[in-house]
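In case you want the letters, here they are:
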Amino acid sequence: MKRKAELIKISSDGKKAFYLDVDNSQEIKAFLQSDPANLKKFKTALELILNHRAPRDLYDKENIEKGCEQVTAIKLFKGKKNPRIYCQQFTDGDTERFVIIGVELLEKKKSQKLTAAEKSIIRRVAQYEYDLTQTS
C-alpha cells in the first residue's frame, strides 16, 4: 500500500518540491515547532535544498547499500543533538518535478558512524512508495 505525502513547498523555478510523509508529519512538525531555532534552521535548509544550493553537511545522500540510493538526510544541527530528517528523493513521472519527501525524524544522532537503528530507518525509508497530495 502506498503512503501519502503532503506538499509543503515548491521551489521558485517549479523544478523541485518538498513534501512530508503524512503518517510522520505531526511528529516532524512538533519537533520543528518545539524550538524556534529548529524551525528557523529547517526553513533555511529547505530554501537551500529547493534552490539547488544545499551544502553536503546540511543535505546529503545516505547511500549505505544497493536499494538505498534515493535516501537522503537533512542534517539540522551537526555537533549538537544532531537531529536528522530522513528523506526519499526521486523524479515524479507525472510532473517531471524533482520530489523530496521528509519521511522520518531522528531527534538525536549519537555517533559519527551509522548505528544499526539508523541503518534500519534508512532501509525502511527506501522501501516506501508514495501518492503525492497538493494540500498542505
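Structure: see above.
Rules and cut-offs
- Counting of residues starts from 1 at the beginning of each chain's written sequence and follows it residue by residue.
- For a predicted model such as this one, the threshold for reporting local features is a pLDDT of at least 70, and the threshold for listing and counting side-chain atom pairs is 80 or more; totals across whole chains, interfaces and linings nevertheless cover every residue.
- Side-chain numbers come from the whole structure's heavy atoms, not from hydrogens or water.
- Only DSSP runs of H or I with at least four residues qualify as helices, and only runs of E with at least two residues qualify as strands; both kinds are numbered from the N terminus onward.
- The globule rule used for comparison is 2.2 Å times the number of residues to the exponent 0.38, while the radius of gyration itself is calculated over C-alpha atoms.
- The cut-offs for exposure are 20% and 50% of the maximum accessible area for each residue type, with area from a 1.4 Å probe on protein chains only; residues under the lower value are buried, those over the upper are exposed, and the others partly exposed.
- Note on areas: Shrake-Rupley, 1.4 Å probe, and residue coverage restricted to the protein chains presented here.
- By the counting scheme adopted, Arg and Lys are positive, Glu and Asp are negative, and His together with the chain ends is not counted.
- A single reference atom marks each charge: NZ on Lys, CZ on Arg, CG on Asp, CD on Glu.
- In what follows, a disulfide is any cysteine sulfur pair within 2.5 Å.
- Salt bridges are defined by distance alone: a side-chain nitrogen of Lys or Arg within 4 Å of a carboxyl oxygen of Asp or Glu.
- Note: two strands are recorded as paired if DSSP finds a minimum of 2 bridges between them.
- The nonpolar core is taken to be a set of buried Ala, Val, Leu, Ile, Met, Phe, Trp, Tyr and Cys residues, with the residues joined through side-chain atoms within 4.5 Å.
- Whether two residues are in contact is decided by their heavy atoms: any pair within 4.5 Å suffices.
- For this analysis, a ring pair means two rings from Phe, Tyr or Trp (six-membered ring only for Trp) whose centres lie within 6.5 Å, classed as stacked if their planes differ by under 30 degrees, edge-to-face if by over 60, and tilted for the remaining angles.
- Any Lys NZ or Arg CZ that is within 6 Å of a ring centre and within 35 degrees of that ring's normal is treated as a charge sitting over the ring.

This brings us to the overall build of the protein chain. In terms of regular secondary structure, the protein chain is built from 3 helices and 7 strands. Counting from the amino terminus, helix and strand elements in the protein chain follow one another as β-β-α-α-β-β-β-β-α-β. Its C-alpha radius of gyration of 14 Å places the protein chain within 12% of the 14 Å reference for a compact globule of 136 residues. By its C-alpha atoms, the protein chain is 40 × 35 × 25 Å across when sized along the principal axes. Counting only residues that meet the buried cut, the protein chain has 44% of its 136 residues in that class. A total of about 7800 Å² of accessible surface is found on the protein chain, and carbon and sulfur atoms cover 48% of it. Placing the 27 positive and 20 negative side-chain charges of the protein chain at their respective mean positions leaves the two points 7 Å apart.

Now for the state of the cysteines. Inspection of the entire model under this criterion finds 0 disulfides. With no disulfide of its own, Cys68 lies 14 Å from the sulfur of Cys87, the closest cysteine sulfur. Taking the relative accessible area as the measure of exposure, Cys68 reaches 3% and is therefore buried. For Cys87, a relative accessible area of 0% puts it in the buried group.

Our focus in this paragraph is the pattern of salt bridges. In total, this model carries 9 salt bridges according to the counting rule given. Between Arg56 and Asp60 there is a salt bridge; the shortest N-O distance is 3.5 Å. Look at Arg56 and you get exposed, because its relative accessible area is 62%. The shortest N-O distance in the salt bridge between Arg84 and Glu62 comes to 3.6 Å. A residue pair is termed long-range when its members are at least 10 positions apart, and Arg84 in strand S5 (residues 84-91) and Glu62 in the loop between strand S3 (59-61) and strand S4 (71-75) qualify at 22 residues. Look at Glu62 and you get buried, because its relative accessible area is 8%.

Our focus in this paragraph is the pairing of S4. Buried residues dominate S4, accounting for 5 of its 5 residues. Here S4 shows a buried face lined by Val71, Ala73 and Lys75 and a second buried face lined by Thr72 and Ile74. Where S4 meets S5, 5 bridges bridge the pair, whose relative direction is antiparallel. Note that in S5 the partner of Thr72 across the bridge is Cys87.

Before going further, it helps to spend a moment on the nonpolar core. Of all hydrophobic cores here, the largest spans 19 residues; its most connected members are Phe18, Leu32, Phe42, Ile74, Leu76 and Ile85. Among the secondary structure elements, those contributing two or more residues to this core are strand S2 (16-21), helix H1 (22-33), helix H2 (36-50), S5 and strand S6 (98-106). At 5 residues, H2 tops the list of elements feeding residues into this core. Look past the residues within four positions of Ile74 in its chain and what remains in contact with it is Phe18, Phe42, Ala45, Ile49, Leu58, Tyr59, Pro83, Arg84, Ile85 and Cys87. Residues Val71, Ala73, Ile101 and Leu106 belong to the second largest nonpolar core, which totals 18 residues.

Turning our attention to the packing of aromatic side chains. Applying the stated criterion to the full structure yields 2 aromatic pairs. Ring geometry for Phe18 and Phe42: centres 5.8 Å apart, planes at 65 degrees, overall edge-to-face. Of the two residues, Phe18 sits in strand S2 while Phe42 sits in helix H2, which places them 24 residues apart along the sequence. The class of Phe18 is buried, set by a relative accessible area of 1%. A residue is classified by how much of its surface remains accessible, and Phe42, at 7% relative accessible area, is buried. Measuring from centroid to centroid gives 6.3 Å for Tyr128 and Tyr130, while their planes differ by 85 degrees, and the two rings are edge-to-face. Across the pair, Tyr130 and Tyr128 agree in class, each one buried. Sitting over the ring of Tyr128, Arg3 keeps its end group 3.9 Å from the ring centre. Lys41 extends its terminal NZ or CZ atom over the ring of Phe77, reaching a point 5.9 Å from the ring centre.

Taken by themselves, the reported measurements are silent on function.
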